[in-house]
Amino acid sequence: MKITLLGTGSPIPDPNRAGPSTLVQSSDASVLVDCGRGVLLRLTAAGLLPPMLSAVLITHLHSDHVTDLNDVITTHWVMSPEPTPLKLYGPPRLQEVVDGLLAMLAPDIGYRLAHHADLTWSPVVEVTEVAPGDEFALGSTRVKVGATDHRPVEPTVAYRLEDAEGASVVLGGDGVPCDGLDALCQGAGAYVQTVLREDIVRMVPNARFQDILDYHSSVEDAARTATRAGVGTLVLTHYIPGLAPGQEPEWRAKAAEHFDGPIVLGDDLTALEL
Ligand SMILES: [Zn+2]
Ligand SMILES: [Zn+2]
């Protein structure tokens, strides 16, 4: 199993970091988790095009996690030689978001249908709204859905992917530590968590920025979750604020105070294999 941090940014625009998005590749499945800003630039850099995806999993409907979902839908459609469903999984109201995107894309869909004689179908998007406890298969890779706590954003979910060879990874999405996330992470090979640096955020005298402290895991929170659940490798992403060049050791040290195993963090396209 290969895990690639496609986009390690956050809602804060960053010239060097795409928005939140992670690619998980197993022997017979390529799964995109979240579709932040610039996702297709990074997916292409990782060697994949949208029709090669088995499915797209969405952790929650915050804008930074779905900004470029429309681009994935359009590009999957125009690059597919025949009607092929784009499989989307996510929390309740994902269908509403997709319906809105398709309405926004209606002029473009009309132009392309009129222009290309061999393109005779509109985008085929197959939405499955999921809840904690759900399980499904993508090829031989099993996906389990778990609860996260990102309140007042509700509902939100995390995903655990396990391949046929026994490798496993949890994509925690946004949120603070909770029992649901601990249970999903139990014994996982890797745990990917979106994080903020509480010590830095607290120094910024801006009320709207301070608001984010109560619904995100800090680096230390993520490390404690990893230890409680006995995961193999802790992977940090969605850095708030953006990880500046040379800051990696400082962020890693904060996590290492609470977690003994390997800690992975870095620029977009940082990857690890399990
Ligand atoms: Zn969020
Ligand atoms: Zn986010």
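Coordinates for the structure precede this section.
So, here is what we can say about the structure in this document. (Residues numbered from 1 in each chain as written. Chains lettered and ligands numbered in written order. Predicted model: local features only at pLDDT ≥ 70, side-chain atom pairs only at ≥ 80, totals over all residues.)

1. A look at the sheet that holds strand β11 (residues 190-196)
Alright, step 1. Pairing within the open sheet is mixed, and its 7 strands lie in the order β7-β8-β9-β10-β11-β12-β13. Across the chains shown, the open sheet's two edge strands, defined by having one partner strand only, are β7 (135-138) and β13 (263-264).
Alright, step 2. Where β7 and strand β8 (residues 141-147) come together, 4 bridges link them in antiparallel fashion. Note that in β8 the partner of Glu135 across the bridge is Lys144.
Alright, step 3. Lying on the sheet, helix α9 (residues 219-229) is in contact with β11 and β12 (233-240); it crosses β11 at an angle near 160°. (Pairing = 2+ DSSP bridges. Helix = DSSP H or I, 4+ residues; strand = E, 2+ residues; numbered from the N terminus. Contact = placed C-beta atoms within 7 Å. Axes fitted to C-alpha atoms, helices over the stretch in contact; angles between N-to-C directions.)

2. A closer look at the sheet that holds strand β6 (residues 125-129)
Alright, step 1. One open sheet holds the 7 strands; their spatial order is β6-β5-β4-β3-β2-β1-β14, and the pairing between them is mixed. Two strands lie at the open edges of the sheet, namely β6 and β14 (270-273), each paired on one side alone. Neighbouring strand axes in the sheet, compared pairwise and without regard to direction, differ in orientation by 20° on average.
Alright, step 2. Note that strand β3 (residues 29-33) and strand β4 (residues 55-57) share 3 bridges and pair parallel. Along β4, the bridge assignment pairs Val33 with Leu57.
Alright, step 3. Its contacts with the sheet place helix α4 (residues 94-104) against β5 (86-90) and β6, and it is angled at close to 155° to β6.

3. A closer look at the nonpolar core
Alright, step 1. By size, the foremost hydrophobic cluster in this structure holds 66 residues, and its most contacted members are Val169, Tyr191 and Leu234.
Alright, step 2. Look past the residues within four positions of Leu234 in its chain and what remains in contact with it is Tyr191, Ala222, Ala223, Ala226, Ala255, Phe259, Gly261 and Ile263. (Core = buried A, V, L, I, M, F, W, Y, C linked by C-beta atoms within 7 Å. Buried ≥ 20, exposed ≤ 12 C-beta atoms within 10 Å, placed from the backbone.)

4. Focus: the packing of α9 against helix α10 (residues 248-256)
Alright, step 1. Here α9 crosses α10 at 45°, and the two axes come no closer than 8 Å. By the angle class used here, α9 and α10 are oblique. As for the relative orientation of α9 and α10, their crossing is right-handed in sense. On α10, the residues touching Val219, Glu220, Ala222 and Ala223 of α9 are Trp251, Lys254 and Ala255.
Alright, step 2. Residue composition of the contact of α9 with α10, grouped by class: 5 nonpolar, no polar and 2 charged. (Parallel < 35°, antiparallel > 145°, perpendicular 65-115°, else oblique. Left-handed = near helix turned anticlockwise from the far one by under 90°. Nonpolar A, V, L, I, M, F, W, Y, C, P; charged D, E, K, R; others polar.)

5. So, the pairing of strand β9 (residues 157-162)
Alright, step 1. With 6 of 6 residues buried, β9 lies mostly within the body of the structure.
Alright, step 2. Burial of the side chains of β9 extends over both faces: Val157, Tyr159 and Leu161 are buried on one face and Ala158, Arg160 and Glu162 on the other.
Alright, step 3. Here 6 bridges tie β8 to β9, and the two strands are oriented antiparallel to one another. Note that in β9 the partner of Val145 across the bridge is Tyr159.
Alright, step 4. As paired strands, β9 and strand β10 (residues 168-171) are joined by 4 bridges and run antiparallel to one another. The partner of Tyr159 across the bridge, within β10, is Leu171.
Alright, step 5. As consecutive antiparallel partners, β9 and β10 are separated by 5 residues, and within that stretch Gly166 has a phi angle of approximately 95°, a positive value.

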